[in-house]
Amino acid sequence: MKTRNLVIGCSAGLVAVIAAALCCFLCLPEEGVPASGQKVIQYVEFNPTYAALDRALAEDIRAHEDGEERDWIDTLSYLGAKYGGDFSRYQAKDMDALFQALDERETIKTLTEKMEHYAYYREAYGAVLDGLVGEYREEKEQDGQTVWQDCYGLKAFFPLARNFSYEHYNDFGARRTYGYTRPHLGHDMMAATGTPVVAIESGVVEVMGWNQYGGWRIGIRSGEGRRYYYYAHLRQNRPFAQGLEEGQQVQAGQVIGYVGHTGYSTEENVNNIQIPHLHLGLELIFEESQKESDNEIWVDVYALTQLLSRHTSETVRNPETKEHTRRFAFEETVAEE
């Protein structure tokens, strides 16, 4: 990953302008327009609250258990269009009214056909959330034995291993000054050095190594390519899980590295970050030219990490190698073809 970040919105006026721009699809600069000629989203502000995420997911799971279909992303996108993307306006009664309308034989299609910007929110929120919920199989301990269970729900994992302490708050957009003044385009989770870091989602290791700003870091691209997870400030000397390599396929919940406080140095393997923590970033990529550009799309994942904390990966430590590996096996059900 490059050693700079896009500066987004430094004044209330600029934020207001950008917020207004959210309500439409925007073209990339001419050289960035895909060969198809279709417009590509340039900016996403993802701010559904934890309460909204939790309620939408609960209804999705409830409907699935009852043999119905109620996609949580459709729900959130409907409210995003209703609120103009401003979830500070969220009220549970609005989501309940949507569910009641669906119970009365309405469909998302009919309910949103007059919503001018629903298509934008469905694609934007889908880019963040697609693939995080679905069917999977996971080993669990039951009556002293390990058994496979078929599950439906969150199949993505919290980025820190189970039973390891951490603290966090919403610091997305906070001011950073190392190198140059810029907003913090990620989410920091304070944890002890050596805490195992796990892959949130299955994907391919796209980059790993040293970065002046992020220290030892790992970048993993989701299977369908629209999400790029960035795990930074990993441990000095032994930052990565043993055997991890660029180009390798990793599985959701797999140990990929260890918390540290490396970075803020042009010299490799230096601890210039004061407090050990994991920096987690999520970049959305609608068209490949956005990946390393002046228009990168990084989104706030604080509420999402709160939601993911209910699905953690337990690890075991090998006393000889001192490496952590996941305790229970996990398999994604191939059903989204």
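### So, the sheet that holds strand E2 (residues 145-154)
Strand order in this open sheet of three strands is E2-E1-E17, and the pairing throughout is antiparallel. In this open sheet, the two edge strands, each paired with only one partner strand, are E2 and strand E17 (330-332). Between one strand and the next, the sheet's axes are offset by a mean angle of 20°, whatever the strand orientation. Packing against the sheet, helix H2 (residues 50-65) makes contact with strand E1 (133-142) and E2, and its axis sits at approximately 110° to E2.

### Considerations on the packing of helix H3 (residues 72-83) against helix H4 (residues 92-103)
One can describe the packing of H3 onto H4 by two numbers: an axis separation of 11 Å at closest approach and a directional angle of 120°. Comparing their axes, H4 and H3 come out oblique. Handedness of the H3/H4 crossing: right-handed. The segment H3 lies against H4, with Thr-75, Tyr-78, Leu-79, Lys-82 and Tyr-83 engaging Asp-94, Met-95, Leu-98 and Phe-99. Among the residues forming the contact of H3 with H4, the class breakdown is six nonpolar, one polar and two charged.

### Description of the pairing of strand E9 (residues 215-222)
For E9, the tally of buried residues reaches eight of eight residues, placing the bulk of the element in the interior. Relative to E9, strand E8 (residues 203-211) runs antiparallel, the two sharing eight bridges. Across the sheet, residue Val-205 finds its bridge partner in E9, namely Ile-220. With antiparallel pairing between neighbouring strands as the criterion, E8 and E9 make up a hairpin whose turn holds three residues. The pairing of E9 with strand E10 (residues 227-232) spans four bridges and is antiparallel. What sits directly across from Ile-220, in E10, is Tyr-229. Hairpin geometry of E9 and E10 is characterised by an intervening segment of four residues between the two adjacent antiparallel strands and by a positive phi of about 95° at Gly-225.

### Considerations on the side chain of Thr-195
On the secondary structure map, Thr-195 appears in the loop between strand E6 (187-191) and strand E7 (196-198). The exposure class of Thr-195 is buried, given its relative accessible area of 3%. A polar contact is formed between the side chain of Thr-195 and the backbone oxygen of Ala-192, at a distance of 2.7 Å. When residues no more than four places from it in sequence are discounted, the contact partners of Thr-195 are Leu-160, Phe-164, Gly-257, Tyr-258 and Val-259.

### Points about helix H6 (residues 118-129)
Spanning 12 residues, H6 covers 16 Å between terminal C-alpha atoms, matching the ideal 16 Å at 1.5 Å per step. Most of H6 is tucked away: nine of the 12 residues are buried. Taken residue by residue, H6 has Tyr-118, Tyr-120, Tyr-121, Ala-124, Tyr-125, Gly-126, Ala-127, Val-128 and Leu-129 as its buried positions. Positioned one or two residues after H6, Gly-131 has a phi angle of 90°, which is positive.

What counts as what
Residues numbered from 1 in each chain as written. Predicted model: local features only at pLDDT ≥ 70, side-chain atom pairs only at ≥ 80, totals over all residues. Heavy atoms only, no water. Pairing = 2+ DSSP bridges. Helix = DSSP H or I, 4+ residues; strand = E, 2+ residues; numbered from the N terminus. Axes fitted to C-alpha atoms, helices over the stretch in contact; angles between N-to-C directions. Contact = heavy atoms within 4.5 Å. Parallel < 35°, antiparallel > 145°, perpendicular 65-115°, else oblique. Left-handed = near helix turned anticlockwise from the far one by under 90°. Nonpolar A, V, L, I, M, F, W, Y, C, P; charged D, E, K, R; others polar. Buried < 20%, exposed > 50% of the residue type's maximum accessible area, 1.4 Å probe, protein only. Polar contact = N/O pair within 3.5 Å; in protein donor to acceptor, adjacent residues only side chain to side chain. Expected span 1.5 Å × (residues − 1).

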